[in-house]
Amino acid sequence: MERLPGFNVANFLEKRQLLIAINCIAALSIFFFGYDQGMMGGVNNAKDYIDLMGFGHVDPVTEEPIITNSLLQGGIVSVYYLGTLFGCLGGGWVGDKVGRIKTIALGSVWAILGASLQCSAQNHKWMICARAVNGIGTGILNAIVPVWATETAEHTSRGQFIAIEFTLNIFGVVVAYWLEFGLSFIDNGNSPIRWRFPIAFQIIPLLVLLASVWFFPESPRWLVKAGRVEEARFILHRLRGSTGEDRERAELELHDISNIAELESKESKKNSYLHMLFGIGSGDLHTGRRVQLVIWLQIIQEWVGIAGVTIYAPTIFRIAGFDTFKSQWISGLNNIFYMFATLICVFTLDRIGRRWTLYWGAVGQGIAMFLAGAFSKLGQDATANGEIGKANSYGAAAASFVFIFTSIFGATWLTVPWLYPAEIFPLQVRAKGNSWGVFGWSIGNGWLTLLCPVMFANIGSTTLHIFGACNILAIPIVWALYPETNQRTLEEIDLLFAAHTPWVWDAEKKFAELKEEQPNLVQAARKGGQVIDPETGVLVHPATAKPEEAIQTESEEHVSP
């Protein structure tokens, strides 16, 4: 094949230019995702919205929102995550059936419909239905876009590209927040435009995504699975290079993809969501184990505290003693720090690996949450005692530690739980597998956005202590159960999960054994190169083998996870 049919950017761009173009389109989806999350924080403070939905009122003197039905307020926010739960499962199934590009277009249409319904809502029932529809679109996009991005990126820079996309994710949060902050000055914040326009604004990136994604190449890994090998070969040549050593590397990668696809077809016969969840029929691929890992990693991500901080940051700052106006602009400033902190992950994720990124993030976040909670409580007590000077000092300290928390989260836990599911699943079910990660995120986020208003209303700053404890608990869980994927090709991951126990040390031992026994099974991008062991940093020189050598499977046994 000399070129793809019709107009396609892969016919004109190659190597890093093509990868950047793909990630720009993927970033549109991620930007929408961040914008949609950040948007509800400002919407929840709009007087017209509060009155129309019927869950409270705005105090005419202090101009602070008074919530009389926190369950309804949280329910409107969290029903979105019910939509993402169903959307991700549907998106994963469609993505493995018809490809990544068509599924991205489908998710865009659903999200546009949901946004249109939201910005025209007339009561809380309408809004609840619209949020659910919008959530379905978001779920579809979140299930498929990270898969498309990781399947086109090189294994040495896979984390970097995903981290860049999530900088755009937080940029979406920043745009949403400051747009709503600016609109709050129109008609003294009482105008419907304060909440209707920000909801409608998200349609713009979705329309651009829907119009442009058709001109981008399909995932070469999905094409191999679909039997379109020549098309996959052409796209890999454009992604990796079409001359000299680059072309040879692309051919080796295509060989590995074909080998692993054949191995997976032998090892795993049943690929429905139910079979994946319980690991039925997956043999030594242990798909069920991988599903549990990605679900719980996403749930833990929300419980380390970011769900509460993102949506209820103004509430946290009010607890710390700031008035409504001051708490709002401090929250916006916090989001800007959050966005720039994600750039740290761009430079560290492929150097120190996924596990160490989560380790240092959990330690820093835990300390920040405990201290933010403590200073918030001291600020409240000082305010109650009439000690305004002390209250302001404690409030500033609490705000500082919320800033520190979000900065550390942006540099660590923001990206890894979204990258990990897109890396660890077999090619046959990669889109479905990633959708299980979105499933976990939907549960964790929906659960917390429903509980946060109740928790802050009843236990106040103690909520932050609970988040701090969750950070500490995350460290041994990651250490024992989550193997390192850094500097490993997507095809090598199947060998990493071949061990019959869930423990990381057994996974690494089994991986080393299989690589030694079958050096020809996976060899992409290794010719003339070096491999960094993700845990020890030791350089390993793999044995070379001819691409045409037959695949030798370890055994014919099929063991359930």
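It should be noted that the structure appears before, not after, this text.
Notes on the structure follow. (Residues numbered from 1 in each chain as written. Predicted model: local features only at pLDDT ≥ 70, side-chain atom pairs only at ≥ 80, totals over all residues. Heavy atoms only, no water.)

For the chain, the count of helices and strands is 20 helices and 4 strands. Here the chain holds 561 residues, and the buried ones make up 60% of them. When contacts within the chain are restricted to residue pairs at least 6 apart in sequence, long-range pairs at least 24 apart make up 79% of them. When the accessible surface of the chain is split by element, carbon and sulfur atoms take 66% of a total near 20,600 Å². (Helix = DSSP H or I, 4+ residues; strand = E, 2+ residues; numbered from the N terminus. Buried < 20%, exposed > 50% of the residue type's maximum accessible area, 1.4 Å probe, protein only. Contact = heavy atoms within 4.5 Å. Areas by Shrake-Rupley, 256 points an atom, 1.4 Å probe, with all protein chains shown as cover.)

We now examine the packing of helix α1 (residues 15-43) against helix α6 (residues 158-183). The contact between α1 and α6 brings their axes to 6 Å, and the two run at 35°. Note on packing geometry: the crossing formed by α1 with α6 is right-handed. A breakdown of the residues in the contact of α1 with α6 according to their chemical character gives 18 nonpolar, 7 polar and 3 charged. (Axes fitted to C-alpha atoms, helices over the stretch in contact; angles between N-to-C directions. Left-handed = near helix turned anticlockwise from the far one by under 90°. Nonpolar A, V, L, I, M, F, W, Y, C, P; charged D, E, K, R; others polar.)

Its identity as a non-glycine residue notwithstanding, Asp187 has a phi of 55°, on the positive side. One can find Asp187 in the loop between α6 and α7 (193-201). Although it is not a glycine, His286 adopts a positive phi angle of roughly 50°. Assignment of secondary structure puts His286 in the loop between α12 (273-278) and α13 (287-319).

On the surface, Phe185, Phe325, Trp329, Leu333 and Phe337 cluster together into a nonpolar patch covering about 490 Å² of accessible area. Inspection of the secondary structure assignment puts Trp329 in helix α14 (residues 324-384). Taking the relative accessible area as the measure of exposure, Trp329 reaches 34% and is therefore partly exposed. (Patch = residues over 30% accessible without salt bridge, like charges linked within 9 Å, V, L, I, M, F, W, Y side chains within 5 Å. Salt bridge = Lys/Arg side-chain N within 4 Å of Asp/Glu carboxyl O.)

One can find Pro417 in helix α16 (residues 416-424). Classification of Pro417 as buried rests on a relative accessible area of 0%. In this structure the C-alpha to C-alpha distance between Pro417 and Gln298, which are 119 residues apart in sequence, comes to 5.7 Å. Other than its neighbours up to four places away in sequence, Pro417 contacts Leu297, Gln298 and Gln301.

Right, let's get into the environment of Gly353. Here Gly353 lies in helix α14. For Gly353, a relative accessible area of 1% gives the class buried. Considering only alpha carbons, one finds Gly353 and Thr485, 132 residues apart in sequence, at a separation of 7.5 Å.

The full count for this structure, using the stated rule, is 20 salt bridges. With a shortest N-O distance of 2.9 Å, Arg233 and Glu251 are connected by a salt bridge. One end of the pair, Arg233, is in helix α10 (residues 229-240); the other, Glu251, is in helix α11 (residues 244-267), and 18 residues separate them in sequence. In this structure, Asp350 engages Arg354 in a salt bridge whose closest nitrogen and oxygen atoms are separated by 3.1 Å. Placement of the pair is Asp350 and Arg354 together in helix α14, with a separation of 4 residues, close to one helical turn. Residue Asp350 is classed as buried on the basis of its relative accessible area, which comes to 12%. Residues joined by salt bridges that share partners form a network here, namely Asp96, Arg100, Glu151, Lys225 and Arg430.

Next up on the list: the packing of aromatic side chains. Applying the stated criterion across every chain yields a total of 31 aromatic pairs. Plain terms: the ring middles of Tyr35 and Phe201 are 5.6 Å apart, the flat faces sit at 40° to each other, and that makes the pair tilted. In this pair, Tyr35 sits in helix α1 while Phe201 sits in helix α7, placing the two residues 166 residues apart along the sequence. Look at Tyr35 and you get buried, because its relative accessible area is 1%. (Phe/Tyr/Trp six-rings, centres within 6.5 Å; stacked < 30°, edge-to-face > 60°.)

Our focus in this paragraph is the nonpolar core. Ranked by size, the top nonpolar core spans 137 residues in total, and within it Tyr49, Ile104, Trp148, Trp413 and Trp436 carry the most contacts. Other than its neighbours up to four places away in sequence, Trp413 contacts Leu297, Ile300, Gln301, Leu358, Gly361, Ala362, Gln365, Ile408, Ala474 and Val478. (Core = buried A, V, L, I, M, F, W, Y, C linked by side-chain atoms within 4.5 Å.)

Let us now look at the environment of Ser242. Mapped onto the secondary structure, Ser242 falls in the loop between α10 and α11. Residue classification places Ser242 among the partly exposed residues on the basis of a relative accessible area of 26%. Distance from Ser242 to Lys15, taken between C-alpha atoms, is 8.9 Å for residues 227 residues apart in sequence. In this structure Ser242 touches Glu14, His237 and Arg247, once residues within four positions along its chain are discounted.

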